[in-house]
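# Summary of structural features
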Amino acid sequence: MLLISLFLITLLFLRNITRLIVEPSKKFLKSHATSKLRKNKLLLARGLLQYTEGRWTSARKDLERSAKNSGIPVVNYIIAAYSAYETRDYEGADKLLKEAEKYAPKEDLTISLVKARMHIRDRNFSKALEIIHPLYKNHPSNSAVVRELYFSYKGLKDWNYLKDLLEDLVRYKIFASSELKVIEKEIYLSLLSIFPENRIVKSNDLIKFWRKIPKNLKKEKEIFFQYVTRLHELKEDFSAEPLIRNFLSTNWNDSLVELYGVVEGADIKKQLLMGERWLPIKPNSSELMLALGRLSLRCELWAKAQDYLEKSIAIKPSAKTYIELGQLLEKQKEYKESSCCYQSGLLLGLDRSNSKI
């Protein structure tokens with residue numbers, strides 16, 4: 001009985017001793033772990049704050065230090081990679097993205113998109129496209145992928161591909177409607193401006209392309225101007241002249257008026273009369289006076305041509321108007337006055353060139 005009592009007392013003593021040793025250790029370890037987690041969260045928060053403030057080196061350091069014990073290490077490594085990229089440590093950024101890949105879920109697009117965006121910012125659009133195009137094939141409805149694809153092709157000025165991409169830009173609402181209108185206009189304007197450079201162009205090709213342009217864009221002055229300018233370059237003045245005339249009757253544009261004086265319509269006299277109908281509406285337009293001067297020259301109405309050209313110069317002198325007037329005076333054998341016009345035009349042209357430097 002005595003032995004049993006001693007045994008029980010010993011067990012109770014050992015249990016109490018164990019409790020005294022183990023429980024404080026548990027509390028210490030738990031407290032240590034909590035402290036470590038708190039410290040890690042503070043490092044992450046500080047790293048993110050430093051990143052937003054542009055302190056790239058400090059941000060990278062704190063984000064790397066807190067990555068291994070972070071609940072979301074992929075975020076740490078990606079933002080640390082961005083920080084390295086901002087300091088132009090491209091090799092470091094690449095290494096950090098490789099670390100991020102170890103923690104990223106399978107089929108995750110984030111890291112690939114980050115790499116592509118870095119290439120786009122560096123204007124290395126071909127490299128960006130190598131990453132983005134395969135992603136687009138596998139994820140054609142992903143708005144982030146479509147957006148970066150747009151920026152890659154825009155950087156490469158591949159306007160034909162961008163035209164085909166317009167449908168996706170609208171369908172997936174990649175940009176606000178106001179931005180989309182600007183993008184659509186830029187694409188078609190660029191396509192028209194390079195149209196003759198793309199291949200051996202026939203006027204029918206240009207006309208067919210024009211028919212495919214959305215109606216709302218055909219009313220845009222810049223786009224219409226590009227179209228009729230291309231027609232003029234392709235020797236299709238008979239087609240261009242009535243289009244310009246009709247457009248100007250409701251949408252005045254100085255560049256179009258000047259072009260109207262250059263194109264050769266089917267009836268030059270009627271073309272001049274049409275131009276003169278605009279005089280009461282735009283009596284102070286130097287471009288209209290220049291156009292009427294050129295049309296009068298083609299009608300061989302020398303006095304009228306001189307009057308219009310001189311009025312154009314009086315309103316707003318330009319090198320090209322001085323040259324037109326100089327050539328007219330030379331035909332009339334007024335060589336001294338002609339020489340003065342050429343000289344004035346040359347000086348004006350030099351002044352304009354110097355002001356652009």
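For the structure, check the block above.
This is a predicted model, so every value here is computed, not measured.

This brings us to the overall build of the protein chain. A count of helical and extended segments in the protein chain gives 20 helices and zero strands. The buried share of the protein chain, reckoned over its 357 residues, is 38%. Sequence separation of at least 24 residues holds for 51% of the intrachain contacts in the protein chain that already meet a minimum separation of 6. As displayed, the protein chain has an accessible area near 22000 Å², and 56% of this comes from carbon and sulfur atoms.

Here we take up the layout of surface pockets. Put simply, the largest pocket is a space of about 150 Å³. Elements represented by at least two residues in the lining of the largest pocket include exactly helix 4 (90–103) and helix 5 (110–121). Taken together, the residues that form the lining of the largest pocket break down as five nonpolar, one polar and three charged.

Bringing the side chain of S312 into the picture now. Inspection of the secondary structure assignment puts S312 in helix 18 (residues 302–315). According to the relative accessible area criterion, S312 is buried, its value standing at 1%. Those residues in contact with S312, other than ones at most four positions away along the chain, are S286, M289, L290, P317 and T321.

This brings us to the nonpolar core. By size, the foremost hydrophobic cluster in this structure holds 57 residues, and its most contacted members are L165, L169, L192, V228, I244 and L248. Looking at this core element by element, the count peaks at six residues for helix 9 (residues 177–193). Those residues in contact with L165 that lie beyond four places of it in its chain are Y136, V146, L149 and Y150. With 21 residues, the next largest nonpolar core counts A67, V74, I78 and A93 among its residues.

Below, the discussion takes up the side chain of Q50. You can see Q50 is positioned in helix 1 (residues 2–52). Discounting chain neighbours no more than four positions away, the residues touching Q50 are R55, S58, A59 and D62.

So, how was this worked out
Residues numbered from 1 in each chain as written. Predicted model: local features only at pLDDT ≥ 70, side-chain atom pairs only at ≥ 80, totals over all residues. Heavy atoms only, no water. Helix = DSSP H or I, 4+ residues; strand = E, 2+ residues; numbered from the N terminus. Buried < 20%, exposed > 50% of the residue type's maximum accessible area, 1.4 Å probe, protein only. Contact = heavy atoms within 4.5 Å. Areas by Shrake-Rupley, 256 points an atom, 1.4 Å probe, with all protein chains shown as cover. 1 Å grid on protein atoms, 1.4 Å probe; cavity = no way out; pocket = protein on both sides within 12 Å on 5 of 7 lines; lining within 4 Å. Points joined across faces, edges and corners; volume = space filled by probe spheres on them. Nonpolar A, V, L, I, M, F, W, Y, C, P; charged D, E, K, R; others polar. Core = buried A, V, L, I, M, F, W, Y, C linked by side-chain atoms within 4.5 Å.

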